[in-house]
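The primary structure of each chain is shown beneath.
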Amino acid sequence: MQCPYCSGDSSVTETRVTADGLRRRRGCTVCKRRFTTYEKLGAPSLKVTKRDGSVETFDGDKLFRALQRVAAHRDVGDDVLLRIARDIEAKLVDDARKSVAWSDIVQLALARLGNVDAVAERRLAANYADDAGALRLDNAAPPAVSPQLGLPLPLPDDDA
Ligand SMILES: [Zn+2]
């Protein structure tokens, strides 16, 4: 895209997915000015190929919910998980991919989740490794609730 100031070439420095579309921050490679462009998202075009060969439209909310599942009972805020999901979506859009394999999305998610919570990262990796076929982002069972630490144990009833 041409720089609005000097018509030089610009490069994208950051892409954000917003409710309305994409917001890109760009920097002119000639005059070094920065500017921002907005792009409406068109019809969903990014396809996800699962291991079983089925194809579905990429759904950032679904990715977010999958992250919520692996981060369940961990001290990771939804805002962090949402940022990870949006960041992955922005990267896929930036790469101008027409289709992407679930395994690639998992790799992207693992890298980001690993910076936040190692347990959630391992859960996601386990969910993926356990499955011989399609990644179980769709139907992964919530992790078992860990024993509730900190609650007083019932006292033995000596009078019984
Ligand atoms: Zn310029």
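That block above? That's the structure.
All values derive from a computational prediction rather than experimental measurement. (Residues numbered from 1 in each chain as written. Predicted model: local features only at pLDDT ≥ 70, side-chain atom pairs only at ≥ 80, totals over all residues.)

*Asks:* Please provide a residue-by-residue account of the overall build of the protein chain, values included.
*Replies:* In terms of regular secondary structure, the protein chain is built from four helices and six strands. Within the protein chain, the proportion of its 160 residues that are buried is 17%. Taking the intrachain contacts of the protein chain between residues at least 6 apart in sequence as the baseline, contacts between residues at least 24 apart amount to 48%. (Helix = DSSP H or I, 4+ residues; strand = E, 2+ residues; numbered from the N terminus. Buried ≥ 20, exposed ≤ 12 C-beta atoms within 10 Å, placed from the backbone. Contact = placed C-beta atoms within 7 Å.)

*Asks:* Can you explain the environment of R112? Please cite residues and give values.
*Replies:* In this structure, R112 sits in helix α3 (residues 102-114). In this structure R112 comes out as partly exposed when scored by C-beta crowding, with 19 C-beta atoms within 10 Å. Residues R112 and R83, 29 residues apart in the sequence, show an inter-C-alpha distance of 9.8 Å. Residue contacts for R112: discarding those within four places in its chain leaves I84 and D87.

*Asks:* Help me get a handle on the packing of helix α1 (residues 60-70) against helix α2 (residues 78-94), residues and values and all.
*Replies:* Put simply, α1 and α2 touch, their axes get as near as 9 Å, and they point 135° apart. On the basis of their axis angle, the class for α1 and α2 is oblique. Handedness of the crossing formed by α1 with α2: right-handed. Counting all contacts with α1, which are made through G60, L63, F64, L67 and Q68, the residues of α2 involved are D78, L81, L82, I84, A85, R86, I88 and E89. (Axes fitted to C-alpha atoms, helices over the stretch in contact; angles between N-to-C directions. Parallel < 35°, antiparallel > 145°, perpendicular 65-115°, else oblique. Left-handed = near helix turned anticlockwise from the far one by under 90°.)

*Asks:* Which residues make up α1, and what are the values?
*Replies:* Turning to α1, its buried residues number three or more, namely L63, A66, L67 and V70. Taken down its axis, α1 places every buried residue within 100° of arc, on the same side. (Arc of directions from axis to C-beta.)

*Asks:* Would you mind going over unusual backbone geometry in detail, with residue names and values included?
*Replies:* Glycine aside, a negative phi is what most residues show, and trans is what most peptide bonds show. Phi is positive for K32, close to 70°, though the residue is something other than glycine. Mapped onto the secondary structure, K32 falls in the loop between β2 (21-28) and β3 (34-40). Looking at K32, the number of C-beta atoms within 10 Å reads 11, which means it is exposed. The phi torsion at H73 lies on the positive side, around 65°, for a residue other than glycine. With respect to the helices and strands, the residue H73 is situated in the loop between α1 and α2.

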